[in-house]
Every structure is written in structure tokens, then in C-alpha cells.
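Take a look at the letters that make up each chain.
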Amino acid sequence: MTRQLLTGNGAAAWGARLARVDYVPAFPITPQTEIIETLADWFDSGAMPGKLVTLESEHSMITAAGAAAATGVRVFTATSSQGLLYGMEMIYAVAGWRAPFVMVNVSRGLGTPTTLESDHTDVLAARDSGFLQIHCATCQEVLDTILMGYRLAEDTRTRLPVIVNLDGFYLSFTREPVEIPESRAVSEFLPPYDPQNVRFRASAPTSQGVAVLGGSPYSYFRYEAHLAALRGVEVYDEVASEFEAAFGRRHDAVEAYRCEDADIVFVMMGSFSTKAKAAVDELRRAEQKVGLVRIRLLRPFPVEALRRAVAGVGGIAVIDQNLSMGRGGVLHTEIASALYGEQDAPRMLLSFIGGLGGRDISPEELFEIAAETRKAVDSGRAPPTRLLYTAGELREIRKLQAIAEVERREPEQKS
Amino acid sequence: MSETLFTRMKDLPSTHLLGAGTPMCAGCGGLSALHEIYDVLGPKTVFVNAAGCMTLLSVYPFTPFRGSWLYTSMASAPAGAQGVRDALDILVEQERMPEEEDLEVVVLTGDGSAYGMGLSSTSSAIERGLDFLYICYDNEGYGNTGHQASGATPHAAKTSTSAGPRGFAGYKKDLFSIWAAHEPAYVATVIGSEPLDLARKVEKAKSLTGPRLIIALAPCPTGWEYEPRESIDIGRLAVKTGVWPLKEYESGTVTHTIVPSPRLPVAEYLQRQGRFAHLFQPARNDALLAALQARVDAYWDQV
């Protein structure tokens, strides 16, 4: 075991290497590219046996990933944002093939407007695809989750591909100390992939990805995949325990931080939860009973673990780094549907949108969220969804708009 | 062509490998070509399919193939072939699978995918030197959705999106040349109504490695509007009039494998099909017929 300073992208590449992946179909996109560059170097130098192939698009890349997995090898791939959406037809399609592999998504906001910086709108578009989905908060988690991801994907109870998400820039380009496990220990935790009958062999012809006629077989196979995804909760918990036994680190489906006696909790996903942890510590020092619930496993959704984590809490503030136009935060509706009608469910559920397109979330904003939530608990009335946005930011936007106006008029004045 | 098993019609396989009872239309020219192709290729194959008529060959739980099948999407069958080929290569190289378990990877798409949505992934597969065989059944329109105009639709043909008096305004894309410009191992045109020529080309393609691509013109009773029993005749006329040149590309050279001489007038091919009826009724459109003939003549003048 060695400890190195690695970026989130570097940790992802190490995860794939330690998982002894055979095949990496690739396509470059910011902020993911460093992952495939690193892997390409390792394949070139012979440090990794197998093959990396650059396809001409993410649509083809995901097709090749699914097809290779359906042939019986261990596959890894990675993408971001627009690339994920360009491949979205195949995200849904290959999930139905039940051919397991792991794909890293380095999340980045979607156009329009075009941006390179992070939020979760891209990866949430894959939420209903059949891919299982795990969100990481640290570079260590990225490496660990890829190893866990293969166990989860390849388990015969699930047999579904897995997306491991890390936040663009905040994790992808941030160096943190990461423990790189011994490959022998990883081999024990993650044995070679046994494709069983999901493969192409001359002696055992098979048809995969076939069409059906009518809603009855369609419903049957779709629901089978759903049940397999649901079984993923149990499989995930087993894998997390085995991972802890092997490597001493535990990554629960739902991380509850200082929630034991909390009357208010933040609920979030991804790397910004480390900022929220710091805010929780501050608030605790001020003798406020605030905690943090971080959803790591988004699909399957760990309903029971969430209910346990928020039992006895008075108010929840969901902070969504995504925006479902015309509705609001996706995580907020997920939490609401998991808790509605539960006897011990917290009375107040507040929704905040923040961190879109790489915008920071400040400690002061988290303090304010806690105060708003407390107010809602006391008054029994939840405020409408709020965007975290300061007067200063709005002033800056007004300035840009004024400049744009001047720029537009300038040619008129010249002529 | 040298060293072929197929010198006479008698040499063609007499046992047919592809099962009967598929949902293809009666008289499907694509299916007859596929029958002949599959007899030569054999079941040690995995067909990687793109959305099109033939997607309905394998509908759960039935398949006419004795070998394997993977449906992908309309745009990315060559990328699916890449994944399967690479995975098989890795397994053989690392001795995790005996070589006799290996398969020939065959992409099977219609013209809608081959000429349009799938062209980018095909181009890239050729550029990467992928060892695969690509079969395009070309019925000159989006057949499975009711025959709308595609990149393969010939000039003046009536389709369900070009039903006006002038038919389709565009011209059939020269996919053979587009593919050949990539300098792959092999490109050929075939048609089910010329089984000996087809068998020799599939045989040659099978013997080569690298990207090998074959376009089969697929007379289509429902889309071209003729009686199913006429499919073979119409296919023969496509060749005899010079409308569908049978040729192959190898090592930088294009060779015509059947040169129709003398060529029959193009009108003899067109007037058998309802999609060209507006060229003959209510009045014969001599100017357009002459223009269509001139295009075919100009092609053969440069051969």
C-alpha cells in the first residue's frame, strides 16, 4: 500500500488499473480526459494488459463498452457532461443488455449556456437508465468506489453497469492524498470477472439485445432489470462491509455525519458535502444540532438507510447541484418521495439550489440554510425553493449585461 | 477472380443455414442476399445489427441465425463490432478462450444506417483497421418505417416522403466510393439475383482480414411497389441495365465483376416498379428518362 497525491482523475485511472480492466473504449472530453490519457500511457507501457481504443464519439464508445462487456471481458470507460448525453441512447440500451461494466462520469454542467464547470445535471440525466449510480466526495472514494463498483456490477444478483460520479474540477483536478491498495489485496476483494452465459462463443451461440413484440415481454424485462437494481442495495451493503474488512475504509450508501442528535440536517451529494461537513462542525461549536446526510448511492436509492439517518430530525435542507426545469432540485423530490407518509419523517423539507456550473457554496450560505430550516421547523411553514445567489453576483451579471448592450450598439454608432 | 470454390451455380451451398419463417416481407431482396451470404459465412459469426428491417429477424425468443446476434442502435453497429472484436482478441491473446471459440464479427445494417446515421461510426471503424465484415442491405429508403427517402434513394423515385410528380430530388449517394476512399481491405457490391458473383465476393471477403464492406442492392416489393415474385427479375434488370454495377475494390483497384453488354435501356428496370410509375404515366417523361439513362451511360463510359 502506498500513499500518493492524486487528482480525482488520477484516482479513477488507478481504480481501473487495480480492477485489472481488459478493455477501455475512450473519447476525450473536459474534465475527464486525464483519466484516459493516464490509462493510455499504462496500456502503451505494458503496465496494463489489454487494450484502449479511442472511438469517434461517446455514442460509439458506450456501444463498444457494452459490446465488449457482452463478450465477457472487464470494461472501463469514462466521460462527462455533453459526452454523456451524446451517448445517452446507448446508456439506456446497454443497461438492458445486463452486461456489467463501470463508467466514470466527471460531472460538468450541461449547455446551454456552455460551461466546463461542475454540477450534477449531466449525471442525473442517466438516473432512470438502469445504470446504478454512486457519487463520490473525495479522491480516495473515487478509487475505492471503482473497485466496489465492479463487485456491484458483476454480482449475479444485479448484473447492471455502474456509473461512478466525481465532480469536475473540485475532484477531477484537485490533488488529495490517496492510498493505493496492493494489487494482491484488490485481487482478493475483486476476483476475475465471470461472465457466465453473457458472452459470445462459437460453441454457445446467443442473441443479445434483441427486440420484443408487445408490451408484455417488454414490461417483463424492464421490471426484471428494476428488481435487479433494487437488489443492488443489499449487494452494495455486503460489498461495503467486505471492502471495509479488506482495506479499513467504509463507504456507506448513505453517509450520516453528526446526525445522532441532530434536529436539522443538510442532504447533499458529491464533493461539496465536505464543505457542508466543515459548516456542520462550525454550527456544532455554536451548539446548534445540525448534521449532514450524504447520498452516495443514488441508484438503487437506499430508502431505508435514508429513513434511519433522518429519524428524529425536525427539518431537512436538501441542497441540489442540479436543476430540473419547471420543478426544481432532483434530489429534493427523491428525498420527498422516500419520506412521504413515514411516521417519523421530519416535518419540514426545504429545497435549495446551489453550486450550478461550478459556483461555490460558502459557509455563510450553509449557516443561512440552517437558520432558514430552523425557522421553518418553528413556524411550520417551508419557504419555496431558493437559488443560492448573492446580491453581489447579481450586480456582476448586471454589469456584464450592460457591457453586452454597449457592445451590441457600438457598430450602430460607427455606421 | 482466382481460386474460388464457386465456379458454377452447382458449386453454391445446397444446405441453407438461415432459418425460415422470419418477419421479412415476401420477396425481400435483402433477405435473399442474406441467405446466400450466410450460407458462405457460416454460423461461426456474430451479427452486430443496426436499427432497420432486419432488426426484426431476432425477436425474443426466436432467431433464424445458427450463430450469434447483438442488436446495438441505428448509428453505432460498427462500434459494437469494435467492442466484440477487441474483446475476442483480448481473450484469445491472453489464452482465456480457445481460438476455436473465436467468431467472425459481421455488421448488418440497412441503407438508412449505412448511408446516413451510421456513416461516422463506419468511417471510424475502417480508419482503425477493424477486422470485420459489413453487410449493407440497400433497399434505397427507410424501409422499416414505410419507405421514406434515405441517402440511398435514387433520383426521381417516389417514396413516402417524396410522393410528388418529380419524386426524390436528390441523387443516390455513392457509398461504394466513400467506403473505398478509406482504403479498406475490401469493398464490393452484390445482389441476391446474381448468387455466383455474390458467393465469390463473400468468399473473398471471408479470406481477407481488416475492414471488408459489402453493399447488397435489396429489391423491395413494398417500397419499390412491385409483386414479390418479380424480385429476382428486377434484381437482374438492375444489373443488366447497368443501374447497379457489380464491382469490387481491393488494393486500390476497382474491378467490375459483371459488365453488362449490351446494356438494356434503364426504362426497362424503372417501368417494372411503381415508385417510378410517374415517369411513364399519365405521360412518358422522356426528358427525365433520358437524363437517368445519361447518368448510367456516363458511369459506364468511365469504366
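Draft legend 1. Focus on the overall build of chain B. Broken down by element type, chain B carries ten helices and eight strands. Reported as C-alpha extents along the three principal axes, the dimensions of chain B are approximately 70 × 40 × 35 Å. Relative to its 303 residues, chain B shows a buried fraction of 51%. Considering only intrachain contacts with a sequence separation of at least 6, the fraction spanning at least 24 residues in chain B is 67%.

Draft legend 2. Inspection of the overall build of chain A at higher detail. If you tally the helices and strands in chain A, you get 14 helices and 16 strands. Here the C-alpha atoms of chain A give a radius of gyration of 22 Å, agreeing with the 22 Å that 2.2 N^0.38 yields for 415 residues. Considered along the principal axes of its C-alpha atoms, chain A spans approximately 70 × 70 × 55 Å. Burial statistics for chain A: of 415 residues in total, 53% are counted as buried. Long-range contacts, defined here as pairs at least 24 residues apart, represent 80% of the contacts in chain A between residues at least 6 apart.

Draft legend 3. Highlighting the packing of helix α3 (residues 58-71) of chain A against helix α5 (residues 88-97) of chain A. Residues and elements named next belong to chain A. At a minimum axis separation of 9 Å, α3 and α5 run at an interaxial angle of 5°. Judged by the angle between their axes, α3 and α5 are roughly parallel. Where α3 approaches α5, its residues His59, Ile62, Thr63, Ala65, Gly66 and Ala70 are matched on the opposing element by Glu89, Met90, Ile91, Val94 and Trp97. Split into classes, the residues belonging to the contact of α3 with α5 amount to seven nonpolar, three polar and one charged.

Draft legend 4. Molecular detail of unusual backbone geometry. Along the chain, Thr112(A) connects to Pro113(A) via a cis peptide bond; the corresponding omega equals 0°. Looking at where Pro113(A) falls in the secondary structure, it is placed in the loop between β5 (102-107) and α6 (121-124). Across the junction of Arg299(A) and Pro300(A), the peptide omega takes the value -5°, indicating a cis bond. Tracing the sequence through the fold places Pro300(A) in the loop between β13 (297-299) and α11 (303-310). Despite not being glycine, Glu140(B) has its phi angle at roughly 60°, a positive value. As for its placement among the helices and strands, Glu140(B) is situated in the loop between β4 (132-138) and α5 (175-180). Phi at Glu183(B) takes a positive value of approximately 55°, unusual for a residue other than glycine.

Draft legend 5. Representation of the sheet that holds strand β6 (residues 132-135) of chain A in the model. All names here are of chain A. Within the open sheet, the five strands sit side by side as β4-β5-β7-β6-β13. Their pairing is mixed. The strands lining the two open edges of the sheet, one partner per strand, are β4 (76-79) and β13. Across this sheet, the average inter-strand angle for adjacent strands is 25°, counted without regard to direction. Strand direction decides the pairing type here: β6 and β13, joined by two bridges, are antiparallel. Directly across from Gln133, in β13, lies its bridge partner Arg299.

Draft legend 6. Examining α3(A) more closely. All names here are of chain A. Taking 1.5 Å per residue, 14 residues should reach 20 Å; α3 reaches 19 Å between its end C-alpha atoms and fits that length. When you tally the buried positions in α3, you get 14 out of 14 residues, the bulk of the element. Looking one or two places after α3, you find Gly72, whose phi comes out positive at around 105°.

Draft legend 7. Up close: the confidence of the model for chain B. Taken as a whole, chain B shows an average pLDDT of 97; of its residues, 99% reach a score of 70 or greater. Complex prediction metrics read pTM 0.97 and ipTM 0.97.

Draft legend 8. Examining the domain arrangement of chain A more closely. Residue and element names in this part refer to chain A. Parsing chain A into structural domains produces domain 1 (2-199 + 209-247) and domain 2 (254-392). Distance between the C-alpha centres of domain 1 and domain 2: 27 Å. Opposite the 23 residues of domain 1 that make contact, domain 2 presents 21 residues. Counting residues per element, the ones that place at least two in the side of domain 1 that touches domain 2 are α6, β6 and α9 (215-247). Looking at which element gives the most residues to the side of domain 1 that touches domain 2, the answer is α9, with five residues. Considering only residue class, the side of domain 1 that touches domain 2 consists of eleven nonpolar, eight polar and four charged.

Draft legend 9. Quick peek at the interface of chain B and chain A. With 38 residues of chain B in contact, the opposing surface of chain A contributes 39 residues. Sorting the residues of the side of chain B that touches chain A by element identifies β2 (68-71), α2 (77-93) and α4 (119-127) of chain B as the ones contributing at least two each. Looking at the side of chain B that touches chain A residue by residue, the class counts come to 16 nonpolar, 15 polar and seven charged. With two bridges connecting them, strand β9 (residues 207-208) of chain A and β2(B) associate as parallel partners. Bridge pairing links Gln208(A) to Leu70(B) in β2(B).

Draft legend 10. Summary view of the sheet that holds strand β11 (residues 264-268) of chain A. Residue and element names in this part refer to chain A. The strand order across the open sheet formed by six strands is β10-β12-β11-β14-β15-β16, and the pairing between neighbours is mixed. The sheet terminates laterally at β10 (254-257) and β16 (386-387), the two strands that pair on one side only. Note that β11 and strand β12 (residues 290-295) share five bridges and pair parallel. Bridging from a neighbouring strand, Val267 pairs with Val293 of β12.

Draft legend 11. Fine view of the nonpolar core. Val265(A), Ile316(A), Val84(B), Ile135(B) and Ala216(B) are the most contacted members of the largest nonpolar core, which has 214 residues in total. In terms of residues, this core owes the most to one element, helix α7 (residues 139-154) of chain A, which gives nine residues. Residue assignment places this core across two domains, with domain 1 (2-199 + 209-247) and domain 2 (254-392) of chain A each supplying three or more. Non-local contacts of Ile316(A), meaning those with residues more than four positions away in its chain, are made with Val265(A), Val267(A), Val310(A), Ile335(A), Pro346(A), Met348(A), Leu349(A) and Leu350(A).

Draft legend 12. Structural context of the pairing of β4(B). Residue and element names in this part refer to chain B. Of all seven residues making up β4, seven are buried, and the element is well covered by its neighbours. Burial along β4 is two-sided: the face carrying Phe132, Tyr134, Cys136 and Asp138 and the face carrying Leu133, Ile135 and Tyr137 are both buried. Direction of pairing for strand β3 (residues 104-110) relative to β4: parallel, over a ladder of five bridges. For Leu108, the partnering residue across the bridge sits in β4 and is Ile135. With seven bridges connecting them, β4 and strand β6 (residues 211-217) associate as parallel partners. Paired with Tyr134 across the two strands is Leu213, which belongs to β6.

Draft legend 13. View of the packing of α3(A) against α2(B). Look at α3(A) against α2(B): their axes get within 7 Å of each other, and the N-to-C directions meet at 40°. By the criterion of interaxial angle, the relationship of α3(A) to α2(B) is oblique. Where α3(A) crosses over α2(B), the handedness of that crossing is right-handed. Facing α3(A), whose interface residues are Ser60(A), Thr63(A), Ala64(A), Ala65(A), Gly66(A), Ala67(A), Ala68(A) and Thr71(A), α2(B) presents Ala79(B), Gly80(B), Gln82(B), Gly83(B), Val84(B), Asp86(B), Ala87(B) and Leu88(B). By residue class, the composition of the contact of α3(A) with α2(B) is eight nonpolar, seven polar and one charged.

The rules behind the values
For every chain, the first residue of the written sequence is number 1, and numbering continues from 1 onward in sequence order. Chains and ligands are labelled by the order in which they are written, letters from A for the one and numbers from 1 for the other. Under the rules for a predicted model, residues below a pLDDT of 70 receive no local features and side-chain atom pairs below 80 are neither given nor counted, while totals for whole chains, interfaces and linings still include all residues. Helix and strand assignments come from DSSP, with helices taken as H or I runs of at least 4 residues and strands as E runs of at least 2, each series counted from the N terminus. In this scheme every C-beta is placed from the backbone, and a residue whose C-beta has 20 or more other C-beta atoms within 10 Å is buried, one with 12 or fewer is exposed, and one in between is partly exposed. What counts as a contact here is a pair of residues whose C-beta atoms, placed from the backbone, lie within 7 Å. This radius of gyration counts C-alpha atoms alone. The globule rule is 2.2 Å times how many residues there are, raised to the power 0.38. Between the N-to-C directions of two axes lies an angle of 0 to 180 degrees, each axis being a line fitted to C-alpha atoms and, for a helix, fitted only over the stretch in contact. Working definition: roughly parallel below 35 degrees, roughly antiparallel above 145 degrees, roughly perpendicular at 65 to 115 degrees, and oblique for all remaining angles. Amino acids are sorted into nonpolar (Ala, Val, Leu, Ile, Met, Phe, Trp, Tyr, Cys and Pro), charged (Asp, Glu, Lys and Arg) and polar (every other residue, Gly among them). Any two strands are treated as partners once DSSP identifies two or more bridges connecting them. Helices are assigned an expected span. That span is 1.5 Å times one less than the residue count. Think of pLDDT as the predictor's per-residue confidence, scored from 0 to 100. Just so you know, the domain bounds were taken from an automatic or database domain assignment. When buried Ala, Val, Leu, Ile, Met, Phe, Trp, Tyr and Cys residues are joined through C-beta atoms within 7 Å, the set is termed a nonpolar core. Handedness of a helix crossing follows the sense of rotation of the near helix relative to the far helix, less than a right angle counterclockwise being left-handed and clockwise being right-handed.

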